[in-house]
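As a plain string of letters, each chain reads:
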Amino acid sequence: MAMDVPSPPADAPPLVVDIDGTLTDERRALDPRVCPVLRSWPTPVVVATGKAMPYPVALCEFLGIDVAVIAENGGIALAGRDSLRIEGDREAADAVVAAYQEAGYDLGWGRADLVNRWRETEVAVSRESPLEPLEEIAADQGLEVVDTGFAYHVKSATIDKGVGLRAVAEELGRDPETFFAVGDSVNDVATFELAGLSVAVANADEAALAAADHVTEAAYGDGFLEAVAYLDEAW
């Protein structure tokens, strides 16, 4: 049975929330029921994703909420129009891609490569492409490969969503420990560790499930709605 759409508590803390697998269904389509919840959130909403910056910015724009995003797993932190931090080693990531392709492998996104076209700090590879050689080549460049469940991300090991949350929270004049975090993947663990309260949706991977303060019974968008209802009791 689908979840009813809850309203966020009037005293709800700032929210940091993942997109894919958390605000979407299993096909990565945005669950329309999350839209009124995000629009009515009484404090800042930070959209935190492994996607390139245009995706979370567009989500904020179409929702009609203030732009506050963490993109590329923390490589991009944006709060408003005047605060943009870009951190990471795209040159090394490009070197990994070149070596991977020279070895006969493909990134797996087709000629247009809409996944990487706007990336500035990392590179994403399809999970249908071989992982082991990618990890070996990335290690040679001093980078790590993170499997978010949707792609393999070749990135700097010192950059994560927690780094992004610290940067955005500072611009918003908030303490990261005051945030409510909801997510589903290993790349959300860093925000879970910083936030005052964290919830993993039921479809989350093992790392996120272990790091969360609470796990929902429902998955995907239903899980996010359940997390909001849980916040009303737990905060």
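See the structure printed just above.
This is a predicted model, so every value here is computed, not measured.

Definitions and cut-offs
- Residues numbered from 1 in each chain as written.
- Predicted model: local features only at pLDDT ≥ 70, side-chain atom pairs only at ≥ 80, totals over all residues.
- Heavy atoms only, no water.
- Helix = DSSP H or I, 4+ residues; strand = E, 2+ residues; numbered from the N terminus.
- Polar contact = N/O pair within 3.5 Å; in protein donor to acceptor, adjacent residues only side chain to side chain.
- Contact = heavy atoms within 4.5 Å.
- 1 Å grid on protein atoms, 1.4 Å probe; cavity = no way out; pocket = protein on both sides within 12 Å on 5 of 7 lines; lining within 4 Å.
- Points joined across faces, edges and corners; volume = space filled by probe spheres on them.
- Nonpolar A, V, L, I, M, F, W, Y, C, P; charged D, E, K, R; others polar.
- Phe/Tyr/Trp six-rings, centres within 6.5 Å; stacked < 30°, edge-to-face > 60°.
- Buried < 20%, exposed > 50% of the residue type's maximum accessible area, 1.4 Å probe, protein only.
- Lys NZ or Arg CZ within 6 Å of the ring centre and 35° of its normal.
- Pairing = 2+ DSSP bridges.
- Axes fitted to C-alpha atoms, helices over the stretch in contact; angles between N-to-C directions.

(A) Region of the structure containing the side chain of Thr22. Position of Thr22 among the secondary structure elements: in the loop between strand 1 (15-17) and helix 1 (34-39). At 2.9 Å, the side chain of Thr22 forms a polar contact with the side chain of Asp18. Excluding residues within four positions of it along the chain, Thr22 makes contact with Val17, Val182, Gly183, Asp184, Val201, Tyr220, Gly221 and Phe224.

(B) Spotlight on the layout of surface pockets. Of the voids in this model, the largest pocket is the one considered here, and its volume is about 290 Å³. Considering the residues around the largest pocket, the lining is formed by 20 residues, among which Asp20, Arg28, Lys51, Arg119 and Phe150 are closest to the centre. When the residues that make up the lining of the largest pocket are grouped by side-chain class, the tally is 8 nonpolar, 6 polar and 6 charged. Approximately 160 Å³ is the volume attributed to the second largest pocket. In terms of lining residues, the second largest pocket is bounded by Leu38, Arg39, Trp41, Thr43, Pro44, Val45, Ile65, Asp66, Val67, Ala68, Gly80 and Leu172. Of the residues assigned to the lining of the second largest pocket, the class counts are 8 nonpolar, 2 polar and 2 charged.

(C) Structural view of empty space enclosed by the protein. Tallied over the entire structure, the rule returns 1 cavity of 30 Å³ or more. Its volume calculated, the largest cavity comes out at about 30 Å³. Forming the boundary of the largest cavity are Glu72, Gly75, Glu87, Gly88, Thr121, Glu122, Lys155, Ser156 and Ile159. Partitioning the lining of the largest cavity into residue classes produces 1 nonpolar, 4 polar and 4 charged.

(D) Molecular detail of the packing of aromatic side chains. For the coordinates displayed, the defined rule picks out 3 aromatic pairs. Ring centres 6.3 Å apart and planes at 70° place the aromatic pair Tyr55 and Trp118 in the edge-to-face group. Taken together, the residues span a long stretch of sequence, with Tyr55 in helix 2 (residues 54-63) and Trp118 in the loop between helix 3 (90-102) and strand 6 (123-125) at a distance of 63 residues. Trp118 gets classed as partly exposed once you look at its relative accessible area, which sits at 39%. Here the guanidinium or amino end of Lys51 rests over the ring plane of Tyr55, the centre of that ring lying 4.9 Å away.

(E) Expanded view of the sheet that holds strand 7 (residues 144-147). With antiparallel pairing, the 3 strands of this open sheet are ordered in space as 6-8-7. Either end of the sheet is taken by a strand with one partner, and the two such strands are strand 6 and strand 7. For this sheet, the mean inter-axis angle between neighbouring strands, taken without regard to orientation, is 30°. Where strand 6 meets strand 8 (residues 152-155), 3 bridges bridge the pair, whose relative direction is antiparallel. Residue pairing across strands places Val123 opposite Val154, the latter belonging to strand 8.

By themselves, these are just geometric observations and shouldn't be taken as functional.
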